[in-house]
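Here's the letter readout for the chains.
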Amino acid sequence: MEECLAKKMEITVSEAEKRTGRNAMNIQETYTAYLIETRAVESQSEGQCAPVDSLWRRYSEFELLRNYLSVTYPHIVVPPLPEKRADFVWHKLSADNMDPDFVERRRIGLENFLLRVASHPVLCQDRIFYAFLTQEGGWKEMVNETGFQLKADSRLKALNATFRVKNPDKRFTELKHYSDELQSVISHLLRVRARVADRLYGVYKVHGNYGRVFSEWSAIEKEMGDGLQSAGHHMDVYAASIDDILEEEEHYADQLKEYLFYAEALRAVCRKHELMQYDLEMAAQDLTSKKQQCEELATGTVRTFSLKGMTSKLFGQETPEQREAKIKVLEEQIQEGEEQLKSKNLEGRDFVKSAWADIERFKEQKNHDLKEALISYAVMQISMCKKGIQVWTNAKECFSKM
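Residues numbered from 1 in each chain as written. Predicted model: local features only at pLDDT ≥ 70, side-chain atom pairs only at ≥ 80, totals over all residues. Heavy atoms only, no water.

Draft legend 1. How the structure looks around the overall build of the protein. In terms of helices and strands, the protein carries 13 helices and three strands. For the protein, the C-alpha radius of gyration of 32 Å lies well beyond 21 Å, the compact-globule estimate for 402 residues. Its C-alpha atoms give the protein principal-axis dimensions of roughly 120 × 50 × 45 Å. Split into buried and exposed, the 402 residues of the protein put 39% on the buried side. Counting only carbon and sulfur atoms, one obtains 53% of the accessible surface of the protein, whose full area is about 23,900 Å². Distance from the positive charge centre (57 side chains) to the negative charge centre (65 side chains) of the protein: 5 Å. (Helix = DSSP H or I, 4+ residues; strand = E, 2+ residues; numbered from the N terminus. Rg over C-alpha atoms; globule rule 2.2 N^0.38 Å. Buried < 20%, exposed > 50% of the residue type's maximum accessible area, 1.4 Å probe, protein only. Areas by Shrake-Rupley, 256 points an atom, 1.4 Å probe, with all protein chains shown as cover. Lys, Arg positive; Asp, Glu negative; His and termini not counted. Charge placed at Lys NZ, Arg CZ, Asp CG, Glu CD.)

Below, the structure is given as structure tokens:
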């Protein structure tokens, strides 16, 4: 296997820029463009500084790339994009997609998306992805020339397959249920975290009132004044620290959100398998029907009620020549149907093998990432509590010296 692109090239989304322009409908709009910078790793190992290549991309272009990857590689759990608009926000966090803090978090998320794709053993080798990183002009035309939109399955077709598959694969059914539950659990976790952030912000800011009251009190006390003033200062610092704390916490929330969106990527693989299974069952059913028709024509007996059989009884049987001609056509269709069924079976087995290998890779990545994120979040909470204890310890010392 070739070495993944992430080891050959440094990829960063280094900057976000607010722009104004006209869309395809000639309507003026404001949007954000992101600067992608790439640098070859090989020349750096030889002691040379490789030149940096850069180009700008809009979020919609990232969406186009991901849609292309999802359609072209249906057996792969394609990494998700960061959210287009902020969700699970607490009251001090802006839901405006042009808010600088949100744009910055999305910039980090887009860089993470590119690194995920560049590290994937299959996706990293895609020429369209490479062109996305290195070719600014003509990239959209290159994507559209692949005709990937024609391969995209409609939602109605996917829904139809979900309800009409007779023999679903148990592993994919369980995976689909797991992805639903994963999404539900992480959604609930993010909602709880947003409520906690709201309350925490209030608790910290109220400590600022301690600072104000102690400061006012110190003005009327001669012996106690310095101690009260110092304690008030510690409370002010404590109250102000919550802004940085919750900003850091958003980083961990974004890591959870990535796996919230990964749940949909898992379901997409399951839906594609259902569609393939549905097509296989329909092909098998059609082949059985044609074999039965052929047998009925050859023996002159009708085993099941049909409009054609009733018509034959009312208006007379077909001539031997007509029957032979129909049998010949059916035999050709049966042969073609058997080849098609064989091909679909082989395609289905290859899909399951490839999909399950990628799902196992994803599970390993997920377990590592979520474990790391939750441990880091716990460490941050411990650190925050220790700072709170230290503030009150300092305040206690101030009071003791009065």
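Draft legend 2. Representation of the side chain of Asp358 in the model. With respect to the element layout, Asp358 can be found in helix 13 (residues 320-400). By relative accessible area, Asp358 is classed as buried at 6%. Setting aside anything within four residues of it in sequence, one finds Asp358 in contact with His75, Ile76, Val77 and His120. (Contact = heavy atoms within 4.5 Å.)

Draft legend 3. Looking closely at the packing of helix 3 (residues 59-72) against helix 4 (residues 100-119). Viewed as axis vectors pointing N to C, helix 3 and helix 4 meet at an angle of 30°, and their least axial separation amounts to 12 Å. One finds that helix 3 runs roughly parallel with respect to helix 4. Judged by the sense of rotation from one axis to the other, the crossing of helix 3 with helix 4 is left-handed. Contact with helix 3, carried on its side by Tyr59, Phe62, Leu65, Arg66 and Leu69, involves Arg106, Leu110, Phe113, Leu114 and Val117 of helix 4 and no other residues of that element. (Axes fitted to C-alpha atoms, helices over the stretch in contact; angles between N-to-C directions. Parallel < 35°, antiparallel > 145°, perpendicular 65-115°, else oblique. Left-handed = near helix turned anticlockwise from the far one by under 90°.)

Draft legend 4. How the structure looks around the sheet that holds strand 3 (residues 53-58). Strand order in the open sheet formed by three strands is 1-2-3, with antiparallel pairing between adjacent strands. Edge positions in the sheet fall to strand 1 (9-22) and strand 3, since each has one partner strand and no second. Along the sheet, successive strands turn relative to each other by an average axial angle of 25°, direction set aside. Across the sheet, helix 3 lies against strand 2 (28-40) and strand 3, angled at about 90° from strand 3, the strand it touches most. Sheet contacts for helix 5 (residues 127-134): strand 1, strand 2 and strand 3; angle to strand 3, the most-contacted strand, approximately 105°. (Pairing = 2+ DSSP bridges.)

Draft legend 5. Spotlight on helix 5. Ile128, Phe129, Ala131, Phe132 and Leu133 are the residues of helix 5 that are buried. The backbone nitrogen of Ile128 lies 2.8 Å from a side-chain oxygen of the residue at the head of helix 5, namely Asp126. (Polar contact = N/O pair within 3.5 Å; in protein donor to acceptor, adjacent residues only side chain to side chain.)

Draft legend 6. The environment of Asn67, seen in detail. Its place among the elements puts Asn67 in helix 3. Asn67 sits in the partly exposed class, given a relative accessible area of 42%. Sequence separation between Asn67 and Gln149 is 82 residues; the distance between their C-alpha atoms is 8.8 Å.

Draft legend 7. Spatial organisation of the domain arrangement of the protein. Its domain assignment divides the protein into domain 1 (1-151) and domain 2 (153-301 + 319-401). Here the C-alpha centre of domain 2 lies 20 Å away from the C-alpha centre of domain 1. The partner domain 2 presents 31 residues to the 24 residues of domain 1 that form the contact. Buried surface at the junction of domain 1 and domain 2, both sides included, amounts to about 2,300 Å², of which 60% is carbon and sulfur. Inspection of the domain 1/domain 2 interface yields four salt bridges. For the interface between domain 1 and domain 2, the tally reads eight residue pairs in polar contact (both at pLDDT 80 or more). The leading source of residues in the side of domain 1 that touches domain 2 is helix 4, at three residues. Here the residues of the side of domain 1 that touches domain 2 sort into 13 nonpolar, four polar and seven charged. (Domains from an automatic or database assignment. Buried area = accessible area lost by both parts, 1.4 Å probe. Salt bridge = Lys/Arg side-chain N within 4 Å of Asp/Glu carboxyl O. Nonpolar A, V, L, I, M, F, W, Y, C, P; charged D, E, K, R; others polar.)

Draft legend 8. Fine view of the packing of aromatic side chains. On inspection of all chains with the given rule, the structure shows 14 aromatic pairs. Look at Tyr252 and Tyr377: their rings are 6.2 Å apart centre to centre, the planes differ by 70°, and that puts the pair in the edge-to-face class. Taken together, the residues span a long stretch of sequence, with Tyr252 in helix 11 (residues 242-299) and Tyr377 in helix 13 at a distance of 125 residues. One aromatic cluster is present, built from ring pairs that chain together Phe62, Phe113, Phe132 and Trp139. A cation over an aromatic ring shows up here: Arg58 above the ring of Tyr31, its NZ or CZ 3.8 Å from the ring centre. (Phe/Tyr/Trp six-rings, centres within 6.5 Å; stacked < 30°, edge-to-face > 60°. Lys NZ or Arg CZ within 6 Å of the ring centre and 35° of its normal.)

Draft legend 9. View of the environment of Trp392. Tracing the backbone shows Trp392 in helix 13. In the structure, Trp392 is positioned 157 residues away from Met235 in sequence and 8.3 Å away in space, judged by C-alpha atoms. Residues contacting Trp392, with those up to four places away along its chain left out, are His207, Tyr210 and Met235.

Draft legend 10. Spotlight on a negative patch on the surface. A cluster of like negative charges, contributed by Glu321, Glu324, Glu331, Glu332 and Glu336, occupies part of the molecular surface. Summarising the element assignment, Glu321 is placed in helix 13. (Patch = residues over 30% accessible without salt bridge, like charges linked within 9 Å, V, L, I, M, F, W, Y side chains within 5 Å.)

Draft legend 11. Local environment of helix 4. Here helix 4 spans 29 Å end to end across 20 residues, near enough to the 28 Å set by a 1.5 Å rise per residue. All of the buried residues in helix 4 are Phe102, Val103, Arg105, Arg106, Arg107, Gly109, Leu110, Phe113, Leu114, Arg116, Val117 and Ala118. For helix 4, the N-terminal capping position is held by Asp99, with its side-chain oxygen 3.2 Å away from the main-chain nitrogen of Asp101. (Expected span 1.5 Å × (residues − 1).)

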